[in-house]
Amino acid sequence: FHLETELRRAVERDDLELHYQPIIDLKTMKLKGFEALTRWVHKDKGFVSPAEFIPLAEETGVIVDLGRWAMRTACSQIRSWIDTYGEEKAVPVNVNVSGIQFARDDVAAMIRETIEEFGIRGEMIRIELTESAIMANPTRISEVLTEIRKLGVKVALDDFGTGYSSLNYLHQFPIDIIKIDRSFIAQLRKGNELYKILTMISQLANSLGHEVVAEGIEDIEHQGMLRDMNFQFVQGFYYSKPLPAKDAGDLHSGNV
Ligand code: G
Ligand code: G
Ligand code: MN
Ligand code: NA
């Protein structure tokens, strides 16, 4: 099918874009970091959703080059933000890494080479991977994550709660950050079952020394509940949608 060829070409020609969604610190209301999300505007079809092209990229193996492209683009952008706003103002960027990439690529070497090329500290990059990615090959992925963390790169478990054996990963896996899937936030009501579960997860993560980020905050009620539950970091349309690099850059100068 043509879409595969065109996606491959878009990666080669740098015809994709990264957009950056702010992650906010609820205690200070300041910008904590960004999640980088790939955007593809096809010349005839217009906007193609990552929900369509990421699975296609995974099936066809294009994900390896796409993943390398995303890491390079994020590192290049961080370099440019450091140069413009200074080292103190620049914030870390989360890059999504597919489980397939762990199977087909040397992700640790890829990250090391890329941060060296752009002269940025590992602390400026965080990777996000899903529970289901880990499940595919827990032993190998655990080894690679250990390598990656030696670079100062933090590891976030994405879509937390949607896979299996969450508690098992929490205690065995070399991770630093838990991202609560937005489907849970959508179902959250003051005092409901989910509210009790997330309260417990927040406490658990805090006591394990993991950061927790709640995704999909869409209104002030969500924010209030998460604050009551002691969540420190939040992300969602209530604060901002994913932004083009230029607009994300503008956020470095002040509060969100
Ligand atoms: O941004 P949006 O909600 O449309 O993204 C849909 C899905 O695609 C999300 O699960 C997101 O993690 C994934 N995604 C977006 N950009 C990337 C990327 O650069 N790499 C990988 N592996 N997944 C991505
Ligand atoms: O799976 P992952 O967490 O990487 O997915 C990120 C996706 O979620 C992005 O494509 C982004 O557009 C989407 N997203 C971010 N914030 C919100 C939100 O508040 N509500 C909804 N419905 N989607 C969101
Ligand atoms: Mn993500
Ligand atoms: Na998620």
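Details of the structure are given in the entry above.
Everything numeric here is computed off the predicted structure, so don't read it as measured data. (Residues numbered from 1 in each chain as written. Chains lettered and ligands numbered in written order. Predicted model: local features only at pLDDT ≥ 70, side-chain atom pairs only at ≥ 80, totals over all residues. Heavy atoms only, no water.)

**Here's the deal with the overall build of the protein**
Defined as follows: Per the convention used, a helix needs a DSSP run of H or I reaching at least four residues, while a strand needs a run of E reaching at least two, with both numbered from the N terminus. Just to be clear, the radius of gyration here is over C-alpha atoms, and the globule rule we use is 2.2 Å times residues to the power 0.38. Any residue under 20% of the maximum accessible area for its type is buried, any over 50% is exposed, and the rest in between are partly exposed; the area is computed with a 1.4 Å probe on protein chains only. Here a residue-residue contact requires only that any non-hydrogen atoms of the pair lie within 4.5 Å. Calculation of accessible area relied on Shrake-Rupley with a 1.4 Å probe; when residues are assessed, cover is drawn exclusively from the protein chains displayed. Counting rule for charge: Lys and Arg are taken as positive, Asp and Glu as negative, and neither His nor the chain ends is counted. In plain terms, the charge of a residue is placed at NZ if it is Lys, CZ if Arg, CG if Asp and CD if Glu.
Assigned secondary structure in the protein consists of 12 helices and 10 strands. Computed over the C-alpha atoms, the radius of gyration of the protein is 18 Å, within 12% of the 18 Å expected from 2.2 N^0.38 for a compact globule of 256 residues. Oriented by its inertia axes, the alpha-carbon framework of the protein measures out at about 50 × 40 × 40 Å. By residue count, 52% of the 256 residues in the protein fall in the buried class. Across the protein, the fraction of contacts at a sequence separation of at least 24, relative to all contacts at a separation of at least 6, is 69%. Put simply, the protein shows about 12,200 Å² of open surface, and 49% of that area lies on carbon and sulfur atoms. Here the protein contributes 29 positive and 39 negative side-chain charges, whose respective centroids are spaced 3 Å apart.

**What about the coordination of the manganese ion (ligand 3)?**
By definition of the ideal shapes, four donors in a tetrahedron about a metal sit 109.5 degrees apart, and six donors in an octahedron sit 90 or 180 degrees apart. Here is the rule: Water is absent from the atoms considered, so a metal site may look incomplete; donors are defined as N, O and S atoms within 2.8 Å of the metal, or 3.2 Å for Na, K and Ca.
Protein coordination of the manganese ion (ligand 3) is provided by Glu-35 (OE), Asn-96 (OD1), Glu-128 (OE) and Asp-158 (OD), with donor distances spanning 2.1 to 2.5 Å. We note that the donor set of the manganese ion (ligand 3) lies within a single chain, spaced as E-x60-N-x31-E-x29-D. Here the sodium ion (ligand 4) and the manganese ion (ligand 3) are spaced 4.7 Å from one another, each receiving a donor from Asp-158. Separated by 32 residues along the polypeptide, Asn-96 in strand S4 (residues 93-96) and Glu-128 in strand S5 (residues 125-130) bring together distant segments of the chain. On the accessibility criterion, Glu-128 (1% relative accessible area) is buried.

**With respect to the coordination of the sodium ion (ligand 4)**
Around the sodium ion (ligand 4), the protein contributes the donor atoms Asp-158 (OD), Asp-159 (OD) and Glu-215 (OE), which lie 2.1 to 2.7 Å from the metal centre. For the sodium ion (ligand 4), the donor residues sit on a single chain with the sequence spacing D-D-x55-E. Residue classification places Glu-215 among the buried residues on the basis of a relative accessible area of 10%.

**Observations concerning the site of ligand 2**
Counted only if it meets this: Neighbouring residues are identified by heavy atoms, a residue being near a molecule or strand if any of them is within 4 Å of it. Polar contact is the term for a pair of N or O atoms within 3.5 Å; when the atoms are in protein, one must be able to donate a hydrogen and the other to accept it, and sequence-neighboring residues count only if both atoms are side-chain atoms.
In the vicinity of ligand 2 there are 15 residues, among which Gln-21, Glu-35, Glu-215, Glu-218 and Phe-237 approach most closely. Within the side chain of Glu-35, one N or O atom sits 3.0 Å away from an oxygen atom of ligand 2. At 3.3 Å, a side-chain N or O of Asp-158 approaches an oxygen atom of ligand 2. A total of 520 Å² of accessible area belongs to ligand 2 in isolation, and the protein chains cover 78% of it. Among the elements of the structure, strand S2 (30-42) and strand S6 (154-160) are those that each provide at least two residues to the shell around ligand 2.

**A short note on the site of ligand 1**
Which entries qualify depends on this criterion: Each residue receives one of three labels: charged for Asp, Glu, Lys and Arg, nonpolar for Ala, Val, Leu, Ile, Met, Phe, Trp, Tyr, Cys and Pro, and polar for the others, Gly being one of them.
Taken together, Leu-37, Thr-38, Arg-39, Pro-50, Ile-54, Asn-96, Ser-98 and Arg-182 make up all the residues around ligand 1. Within the side chain of Thr-38, one N or O atom sits 2.6 Å away from an oxygen atom of ligand 1. Here ligand 1 has 500 Å² of accessible area as a free molecule, and 75% of this is covered by the chains. Listed by contribution, the elements that provide at least two residues to the shell around ligand 1 are S2 and helix H2 (50-60). By residue number, the principal contributor to the shell around ligand 1 is S2, which donates three residues. Tallied by class, the residues present in the shell around ligand 1 amount to three nonpolar, three polar and two charged.

**So, the nonpolar core**
For the record, the criterion: Take the buried Ala, Val, Leu, Ile, Met, Phe, Trp, Tyr and Cys residues and link them wherever side-chain atoms come within 4.5 Å; each set so joined is a nonpolar core.
Counting residues in each nonpolar core, the largest one holds 81 residues, and the members touching the most others are Phe-102, Ile-125, Ile-127, Ile-148 and Ile-180. Ranked by the residues each element gives to this core, the list is headed by helix H3 (residues 63-85), at 11 residues. In this structure, Ile-23, Ala-156, Val-213 and Phe-233 belong to the second largest nonpolar core, which totals five residues.

**A few points about H2**
Selection criterion: Along the arc lie the directions from the helix axis toward the C-beta atoms.
For H2, the full list of buried residues reads Pro-50, Phe-53, Leu-56 and Ala-57. In a view along the axis of H2, the buried residues occupy a sector of 140°, so they form one face of it. Opposite the buried face of H2, by more than 90 degrees, sit the exposed residues Ala-51 and Glu-59. If you follow the buried residues of H2, they end up packed against helix H1 (2-12), S2, strand S3 (46-48) and H3. With a side-chain oxygen lying 3.0 Å from the backbone nitrogen of Ala-51, the N-terminal cap of H2 falls on Ser-49.

**Digging into the side chain of Glu-211**
Tracing the chain through its elements places Glu-211 in strand S8 (residues 211-214). Of the residues examined, Glu-211 reaches a relative accessible area of 19% and is grouped as buried. Of the polar contacts made by the side chain of Glu-211, one reaches the side chain of Arg-126; its length is 3.3 Å. Once residues lying within four places of it in the same chain are set aside, the contact partners of Glu-211 are Lys-32, Arg-126, Asp-176, Ile-177, Ile-178 and Phe-233.

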